[in-house]
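Structure at a glance
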Amino acid sequence: MAREASVNRTTKETDISLKFNIDGTGNSEIDTGIGFFDHMLEGFAKHGFFDMELVASGDLAVDGHHTVEDVGIVLGTAIKKAVGDKKGIRRYGSCILPMDETLVLCAVDLSGRPYLSFDAEFTTDRVGYLETELVKEFFYAISYKAKMNLHIKVLSGTNNHHIIEGMFKAFARALDDATGTDQRISGILSTKGSL
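Throughout what follows, the structure given in this document is the object of discussion.

Counting residues in each nonpolar core, the largest one holds 58 residues, and the members touching the most others are Phe 20, Phe 44, Phe 138, Phe 139, Met 148 and Phe 171. In terms of residue count, the dominant contributor to this core is helix H4 (residues 160-179) (10 residues). Other than its neighbours up to four places away in sequence, Met 148 contacts Ile 79, Val 108, Asp 109, Leu 110, Arg 113, Pro 114, Tyr 115, Ile 142, Ser 143, Phe 171 and Leu 175.

Have a look at this one:
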């Protein structure tokens, strides 16, 4: 059974459509109007082996906040829908990812309980046309809509581009691990019997 989801979201601020496949090969077509954000999402798809078709138009004349946050909302919703009943999945995933001088830790628990722990500092206001303060907003939106525990911690790093890219790639690897299946798991990996 295909683990896929299509999500459309239209507000007065943004219009977003997403097709998402957990069990893909890393192919993506991304257009948010924010070049660096597109690059990060392409890296997320590639390194998580997710297939994504994403088109977002937003009020970029104001700033990128609504677009970035709403893409997070849509992606989080798609992840939750695609994972489905969570039977047989590993539930947990983690990655410590190096990128040149940068080292990023990401850990995921598809627990059904939303929580974001985000430990990072940026030394520039933006990378390309992406405002660095929006990176946390993006991951916050994903964690709450997907109902996952998401921990992101920058262990070392000085280059803001590398730090952000490391986050997206580490999240991809951790999520791929958490959504993977294990034949030893009968039903749902919880003593409660549900997530």
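Here the focus is the sheet that holds strand E5 (residues 92-99). Spatially, E5-E6-E10-E7 is the arrangement adopted by the four strands of the open sheet, whose pairing is mixed. Here the strands that pair on one side only, and so sit at the sheet edges, are E5 and strand E7 (115-119). On average, adjacent strands in this sheet sit at an angle of 10° to one another, irrespective of strand direction. Sheet topology places strand E6 (residues 102-109) next to strand E10 (residues 149-156); seven bridges connect them, and they run antiparallel. Pairing of Ala 107 across the sheet is with His 151, part of E10.

To continue, consider the pairing of strand E4 (residues 51-58). Where strand E2 (residues 14-21) and E4 come together, eight bridges link them in antiparallel fashion. From the neighbouring strand, Phe 20 faces E4, where its bridge partner is Met 52. Pairing geometry for strand E3 (residues 28-31) and E4, over four bridges, is parallel. Bridge pairing in E4 places Asp 31 opposite Val 55. The parallel pair E3 and E4 is bridged by helix H1 (residues 35-48), and the resulting crossover is left-handed.

Spatially, the four strands line up as an open sheet ordered E1-E2-E4-E3, and their pairing is mixed. Bordering the open sheet on either side are strand E1 (4-10) and E3, each of which pairs with just one other strand. Strand-to-strand twist of the sheet, defined as the mean angle between neighbouring strand axes without regard to direction, takes the value 5°. Docked against the sheet, H1 engages E2, E3 and E4, running at close to 160° with respect to E3. Across the sheet, helix H2 (residues 65-83) is in contact with E1, E2 and E4; its angle to E2 comes to roughly 35°.

We now examine the packing of H1 against H4. Running from amino to carboxyl end, H1 crosses H4 at an angle of 30°, the nearest separation of the two axes being 8 Å. With respect to the hand of their crossing, H1 and H4 are arranged in right-handed fashion. Contacts between H1 and H4 involve Phe 36, Phe 37, His 39, Met 40, Leu 41, Phe 44, His 47 and Gly 48 on the former and, on the latter, His 161, Ile 164, Glu 165, Phe 168, Lys 169, Phe 171, Ala 172, Arg 173, Leu 175 and Asp 176. Residues belonging to the contact of H1 with H4 are distributed by class as follows: 10 nonpolar, four polar and four charged.

The rules we used
- Residues numbered from 1 in each chain as written.
- Predicted model: local features only at pLDDT ≥ 70, side-chain atom pairs only at ≥ 80, totals over all residues.
- Heavy atoms only, no water.
- Core = buried A, V, L, I, M, F, W, Y, C linked by side-chain atoms within 4.5 Å.
- Buried < 20%, exposed > 50% of the residue type's maximum accessible area, 1.4 Å probe, protein only.
- Helix = DSSP H or I, 4+ residues; strand = E, 2+ residues; numbered from the N terminus.
- Contact = heavy atoms within 4.5 Å.
- Pairing = 2+ DSSP bridges.
- Axes fitted to C-alpha atoms, helices over the stretch in contact; angles between N-to-C directions.
- Right-handed = clockwise from strand over helix to strand, strands pointing away.
- Left-handed = near helix turned anticlockwise from the far one by under 90°.
- Nonpolar A, V, L, I, M, F, W, Y, C, P; charged D, E, K, R; others polar.

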